[in-house]
Amino acid sequence: MMKENTILIVEDEPTIAETIKMYLLKEGFNVEITGNGNDAIKIFDAVRHVLVLLDLNLPGEDGIKVCRNFRSRSSVPIIMVTARDEEEDKLIGLETGADDYITKPFSIRELVARVKVLLRRAWSPQMKQDRLMVDDIVIERKSMRIWEKGNEIKLTPTEFKLLEVLMENAGQVLTRDQIIEAIYGYSYEGYDRTLDSHVKNIRSKLEENPQKPRYILTVKGVGYQFKRLGL
Ligand code: CA
């Protein structure tokens, strides 16, 4: 899925919002503005918005509540904008899941520079979204946690990595070599058997009936496939 290039500005002071918008447009971004916390929650779209600039003091839900809401839905990069230069506010902002904060009055150049840094960090291929969800399974990469229909499943680090690779390529058949290379970074002679036993272990923890797996399918003579629902 292609990410759109739209930055969401949540800011109730129109002059500030418009000034930021002008500079971001020059940098080639699309910009959407809302001046109200409740509206921000309504229009936020985890796919369309690549970054959020979020004012702390807003009519409607305040910046902290909006930030928590976005964080519960997405790992979108968030920069908190605060008018008060109080340590406490900064801390609250970061604890709520903001990635960075900037204090008013700020230089637009600095803001744009920070936007670019965050975007590079967040969307570079090696820094993927923390949460990956396919079918009834959710994984969190940083904490290496997994849930199946909301129930947490415990996997070993290798099993986790294996499941992650399969889920990232859901719907596609991966050869044993491709899987082994994705896990270890190089192919590994004679690893096939170990791979099969890892798959067996994952199935025993994840599948209701490991003999008739619903998620990880064996493709005879080739490898494995994480099945996408409806395919
Ligand atoms: Ca404000």
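Not measured: the values here are computed from a predicted model. (Residues numbered from 1 in each chain as written. Predicted model: local features only at pLDDT ≥ 70, side-chain atom pairs only at ≥ 80, totals over all residues. Heavy atoms only, no water.)

**Quick look at the pairing of strand 8 (residues 145–148)**
In summary, the side chains of a regular strand alternate between the two faces of the sheet. Spelled out, the test is: Note on pairing: two strands pair once DSSP finds at least 2 bridges between them. Put simply, DSSP marks the helices as runs of H or I at least four residues long and the strands as runs of E at least two long, and each gets a number from the N terminus on.
By the bridge criterion, four bridges tie strand 7 (residues 137–140) to strand 8 in an arrangement that is antiparallel. In the strand pairing of strand 8, Glu140 is matched with Arg145. Where strand 7 folds back on strand 8, the antiparallel hairpin that results is connected by four residues, among which Met144 adopts a positive phi of roughly 55°. As judged from the three bridges shared by strand 8 and strand 9 (residues 151–153), these two strands associate in the antiparallel manner. Counterpart to Trp147 in the pairing with strand 9 is Glu152. Where strand 8 hands over to strand 9, the hairpin turn is made up of two residues, of which Lys149 adopts a positive phi near 50°.

**Thoughts on the coordination of the calcium ion**
Selection criterion: Distances define the donors: N, O and S atoms within 2.8 Å of the metal qualify, as do those within 3.2 Å of Na, K or Ca. Water is excluded, so some sites may look unfinished. The rule is simple: take the accessible area with a 1.4 Å probe, protein chains only, and divide by the maximum for that residue type; under 20% is buried, over 50% is exposed, in between is partly exposed.
Around the calcium ion, the donor atoms from the protein are Asp12 (OD), Asp55 (OD) and Asn57 (O), and they sit 2.1 to 2.4 Å away. Along the chain, the residues donating to the calcium ion fall in the pattern D-x42-D-x1-N. Here Asp12 is found in the loop between strand 1 (6–10) and helix 1 (14–26), whereas its partner Asp55 is found in strand 3 (residues 49–55), with 43 residues between them in sequence. Take Asp12: its relative accessible area is 32%, and that puts it in the partly exposed class. The exposure class assigned to Asp55 is buried, which follows from its relative accessible area of 2%.

**Re unusual backbone geometry**
Pro105 follows Lys104 through a cis peptide bond whose omega is -5°. Even without being glycine, Met144 reaches a positive phi, approximately 55°. With respect to the helices, strands and loops of the structure, Met144 is situated in the loop between strand 7 and strand 8. Despite not being glycine, Lys149 has its phi angle at roughly 50°, a positive value. Within the element layout of this structure, Lys149 appears in the loop between strand 8 and strand 9. You can call Lys149 partly exposed: its relative accessible area is 46%.

**Focus on the packing of aromatic side chains**
Condition: Pairing of aromatic rings covers Phe, Tyr and Trp, the last counted by its six-membered ring, and requires centre-to-centre distances within 6.5 Å; plane angles under 30 degrees mean stacked, over 60 mean edge-to-face, and any other angle means tilted.
Across all of its chains, the model carries two aromatic pairs by this definition. With 4.2 Å between their ring centres and 25° between their planes, Phe44 and Phe70 make a pair best called stacked. Taken together, the residues span a long stretch of sequence, with Phe44 in the loop between helix 2 (37–43) and strand 3 and Phe70 in helix 3 (residues 63–73) at a distance of 26 residues. With a centroid separation of 6.0 Å and an interplanar angle of 25°, the aromatic rings of Tyr215 and Phe226 are classed as stacked. One end of the pair, Tyr215, is in the loop between helix 8 (192–206) and strand 11 (216–219); the other, Phe226, is in strand 12 (residues 223–226), with eleven residues separating them in the sequence.

**Here we look at the environment of Ile78**
Formally: Only heavy atoms enter the contact rule, under which two residues are in contact if any of them lie within 4.5 Å.
Secondary-structure assignment places Ile78 in strand 4 (residues 78–82). Under the relative-accessibility criterion, Ile78 is labelled buried at 0%. Spatially, the C-alpha atom of Ile78 lies 5.0 Å from that of Ala98, the residues being 20 residues apart in sequence. When neighbours within four sequence positions are excluded, Ile78 is seen to be in contact with Val52, Leu54, Cys67, Phe70, Arg71, Ala98, Asp99, Asp100 and Leu118.

Such coordinate-based values are descriptive only and should not be taken to indicate function.
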